[in-house]
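Take a look at the letters that make up each chain.
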Amino acid sequence: MNKRSSLLLLALLLAMLFLSCSNVQNEKININNETTTELKMCYITFSSIPKDLDLVTAEINKITKAKINATVKIEPIISSEYFQQINLKLNSNENLDMFVTGTLSGIFDYPVLASKGKLYPLDDLIKNKGKGINLALGDEYLNSSKIHGKVYGIPTVKDLATEHGFKIKKELLDKYKIDIRKIKNLEDFEALMKTIHDNEPDKYFGVMGGTSLVDSLGVSAFGDKLVDGYGVLMNPNELKVVDYYETKEYAELLKKIRRWYELGYIFPDIVTNKENDVLLMRERNLYGATAYINPITQYLQMKTVGFPVEIATIYPAVKNTSTITNFMWAIPSYSKNAEKAMEFLNLMYTDKDIINLLDYGIEGKHYKKVKESEEIIDIISDNSAGENGYNLNQEYMFGNEFLAHIWTGNPNDIWKQIDTFNKSAVKSKATGFLFDATPVMVEYTEVSRIVSEYKPALENGAVDLDKVLPEFIGRLKEAGIDKIVAEKQKQLDKWAKDNI
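Residues numbered from 1 in each chain as written. Predicted model: local features only at pLDDT ≥ 70, side-chain atom pairs only at ≥ 80, totals over all residues. Heavy atoms only, no water.

### Comments concerning the pattern of salt bridges
Next, step 1: The final tally for this structure, using the stated rule, is 31 salt bridges.
Next, step 2: Salt-bridge contacts for Lys129 lead to Glu343; the nearest nitrogen and oxygen are separated by 3.6 Å. Taken together, the positions of Lys129 in helix H5 (residues 123-129) and Glu343 in helix H16 (residues 338-348) put the pair 214 residues apart, joining distant regions of the chain.
Next, step 3: Judged by its relative accessible area of 31%, Lys129 falls in the partly exposed class.
Next, step 4: Within this structure, Lys40, Glu75, Lys89 and Glu94 form a network of salt bridges that share partners. (Salt bridge = Lys/Arg side-chain N within 4 Å of Asp/Glu carboxyl O. Helix = DSSP H or I, 4+ residues; strand = E, 2+ residues; numbered from the N terminus. Buried < 20%, exposed > 50% of the residue type's maximum accessible area, 1.4 Å probe, protein only.)

Have a look at this one:
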């Protein structure tokens, strides 16, 4: 090779090297200059809005900025306003990228939102951006949220079954020598209420989360309400759909609740009250309320209300679609940041730092690790009530609870206990079935409206049953509840043929 050729080759190699370095540099500049996505997230709170939420959010955003180049703006909504506020946001296409939904009666309406096209189908997003979610949940639980074969909501990893019963202030049990272990049925519980009322008539019993007594003591406790209660299974092992509101079991339970109300056992403002049971037990004259129960309930309830409570289990653990899908995360169908929202949700199911910030706040400010333990924590309180600026106490709501630290006082293996509890619960034969109300949407909408109108007073004992119950049933029939029951039976039969 002559000298001139060598010089030309060297120049060519240098040009190629320069171009390669320039491309690498440009790529780095592009990555560094990529716009950070701001996500909007809403969730429900059953107590108050945490005053230190902005501090906690800032810590979360340090992690999400580094891992997925996104930040999140969090808006908690109190439970009494959540249903209305979320529907307003969705109907007006308000800026929102992810929010808590589910099948918890009276609070969420996941099947309706999915059927109306308000939710983003998540199957492909989970496959591409949410592999950690699939690993954390498994196919059985993830598929339980499917409607028309598509996933629109992601269940949280928590207690996926529930026992039904009551939580009672321990101070009163001790004062009147009541052994909570002897409370085995509703008659036993009525005797307990009588004892407390006879001695302290200014103290009352209530319901959790602003629902009704029937929600905890009715068909959902011993059968399967098939999510919405408009057509239920009275026996979870038989796929026979009936109108619960016409059954003798419903009428008998209402009579019992009505008697409790007339005797003064039930919180007198139960129909109009907007405060949840936690605040009423903390600040007013509620001594107890209904409860969904699992291995962590007693400690969590004690921590939430700020004083010791005891738990009475009336109905054993059951697992059905409702218990799996009661709390889920969804993305609005109009979200412009669906992929990035899924990346954030994936962190909620895989990243311990994100989970513990959402669950407990900031280490060193809101909680501290117990000596010689990386997992056991204790609260750092600001006052004598054991509270601080981030008393949310809703670990079950954020992604994967099994990644969370464990409050001191709980067994070190509490998450293993809950996993065993989930697996050992009685499973409804219809677990995984979700009703699509689209074919009967006119009837469904009207029935839902009528139930919402009657439910608070009727199912908490505040009205004359002889007059109101027949009126309620009559209006439901006029609205088309029989058509809903028939359609639900038709869909259930098809689902069973394909899945059982």
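### Regarding the environment of Glu283
Next, step 1: With respect to the secondary-structure elements, Glu283 resides in helix H13 (residues 277-283).
Next, step 2: By relative accessible area, which is 54% here, Glu283 ends up exposed.
Next, step 3: Once the C-alpha coordinates of Glu283 and Val305 are considered, the two residues, 22 residues apart in sequence, prove to be 9.2 Å apart.

### Brief notes about the packing of aromatic side chains
Next, step 1: Counted according to the given criterion, the structure contains 24 aromatic pairs.
Next, step 2: Ring geometry for Phe166 against Phe205: centres 5.5 Å apart, planes inclined by 75°, an arrangement best described as edge-to-face. Of this pair, Phe166 sits in strand S7 (residues 162-169) while Phe205 sits in strand S8 (residues 204-206); the two residues are 39 residues apart in sequence, bridging distant segments of the chain.
Next, step 3: Judged by relative accessible area, Phe166 falls into the buried class, the value being 0%.
Next, step 4: The exposure class assigned to Phe205 is buried, which follows from its relative accessible area of 0%.
Next, step 5: Aromatic pair Tyr360 and Trp407: ring centres 4.9 Å apart, planes at 75°, arrangement edge-to-face. (Phe/Tyr/Trp six-rings, centres within 6.5 Å; stacked < 30°, edge-to-face > 60°.)

### Some points on the side chain of Glu487
Next, step 1: Its location among the elements puts Glu487 in helix H21 (residues 481-499).
Next, step 2: Here Glu487 sits buried without a salt bridge, and the closest side chain of opposite charge, Lys490, lies 4.4 Å off (N-O distance).
Next, step 3: Filtering out sequence-adjacent residues up to four positions away, Glu487 remains in contact with Phe435, Pro439 and Val440. (Lys, Arg positive; Asp, Glu negative; His and termini not counted. Contact = heavy atoms within 4.5 Å.)

### Considerations on the environment of Tyr287
Next, step 1: In this fold, Tyr287 is placed in strand S11 (residues 286-293).
Next, step 2: Judged by relative accessible area, Tyr287 falls into the buried class, the value being 2%.
Next, step 3: Along the chain, Tyr287 and Val309 lie 22 residues apart, while their C-alpha atoms are 9.3 Å from each other.
Next, step 4: For Tyr287, the contacting residues outside a window of four places in its chain are Lys167, Ile168, Lys169, Leu172, Leu192, Met193, Ile196, Lys203, Tyr204, Phe205 and Met281.

### With respect to the packing of helix H9 (residues 186-199) against helix H12 (residues 248-262)
Angle between the axes and distance between the axes are the two parameters that describe a pair of packed helices.
Next, step 1: In the contact formed by H9 and H12, the axes pass within 12 Å of each other and the chain directions differ by 10°. Classified by the interaxial angle, the pair formed by H9 and H12 is roughly parallel. For the pair H9 and H12, the contacting residues are Leu186, Glu187, Phe189, Glu190 and Met193 in the first and Leu253, Lys256, Arg259 and Trp260 in the second.
Next, step 2: For the contact of H9 with H12, the residue count by class is five nonpolar, no polar and four charged. (Axes fitted to C-alpha atoms, helices over the stretch in contact; angles between N-to-C directions. Parallel < 35°, antiparallel > 145°, perpendicular 65-115°, else oblique. Nonpolar A, V, L, I, M, F, W, Y, C, P; charged D, E, K, R; others polar.)

### As for empty space enclosed by the protein
Next, step 1: All told, the structure shown has four cavities of 30 Å³ or more when counted by the stated rule.
Next, step 2: Forming the walls of the largest cavity are 40 residues, and the residues nearest its centre are Leu104, Met208, Tyr292, Phe327 and Tyr396.
Next, step 3: Mapped onto the lining of the largest cavity, the elements with two or more residues apiece are S7, H13, S11, helix H14 (297-305) and helix H15 (321-325).
Next, step 4: Sorting elements by how many residues they give to the lining of the largest cavity places H14 first, with four residues.
Next, step 5: When grouped by side-chain class, the residues that make up the lining of the largest cavity number 14 nonpolar, 18 polar and eight charged.
Next, step 6: Estimates place the volume of the second largest cavity at around 50 Å³.
Next, step 7: Considered class by class, the residues forming the lining of the second largest cavity number four nonpolar, four polar and two charged. (1 Å grid on protein atoms, 1.4 Å probe; cavity = no way out; pocket = protein on both sides within 12 Å on 5 of 7 lines; lining within 4 Å. Points joined across faces, edges and corners; volume = space filled by probe spheres on them.)

### Quick word on the layout of surface pockets
Next, step 1: Reported here for the second largest pocket is a volume of approximately 610 Å³.
Next, step 2: Lining the second largest pocket are 23 residues, and of these Gly149, Gly432, Phe433, Trp495 and Asn499 sit closest to its centre.
Next, step 3: Broken down by secondary-structure element, the contributors of at least two residues to the lining of the second largest pocket are helix H7 (139-143), strand S4 (146-147) and H21.
Next, step 4: Ranked by the residues each element gives to the lining of the second largest pocket, the list is headed by H21, at six residues.
Next, step 5: Per-class residue counts for the lining of the second largest pocket are six nonpolar, nine polar and eight charged.

### Some words on the pairing of S7
Next, step 1: Judged by how many residues are buried, S7 sits mostly within the fold: eight of eight residues are covered.
Next, step 2: Where S7 and strand S12 (residues 309-319) come together, seven bridges link them in antiparallel fashion. The residue of S12 that forms the bridge with Ile168 is Glu310.
Next, step 3: As defined by bridge partners, S7 adjoins S11 across six bridges and the pair is classed as antiparallel. Bridge assignment links Lys167 to a residue of S11, and that residue is Ala289. (Pairing = 2+ DSSP bridges.)

### So, the confidence of the model for the chain
Low-pLDDT stretches of the model should not have their predicted coordinates read in fine detail.
Next, step 1: Residues at a pLDDT of 70 or more form 92% of the chain, whose mean pLDDT is 89.
Next, step 2: Taken together, the stretch residues 2-31 has pLDDT below 50 and engages in two contacts with residues farther than four places along the chain or on a different chain. (pLDDT = per-residue confidence, 0-100.)

### Remarks on the packing of helix H2 (residues 53-68) against H16
Next, step 1: It is the contact of H2 with H16, at a shortest axis distance of 11 Å, that shows an interaxial angle of 120°. With respect to H16, the element H2 is oriented oblique. Considering only the axes of H2 and H16, their crossing is right-handed. From H2, Ile60, Thr64, Lys67 and Ile68 reach across to H16, where they touch Lys340, Glu343, Phe344 and Leu347.
Next, step 2: A per-class count over the contact of H2 with H16 returns four nonpolar, one polar and three charged. (Left-handed = near helix turned anticlockwise from the far one by under 90°.)

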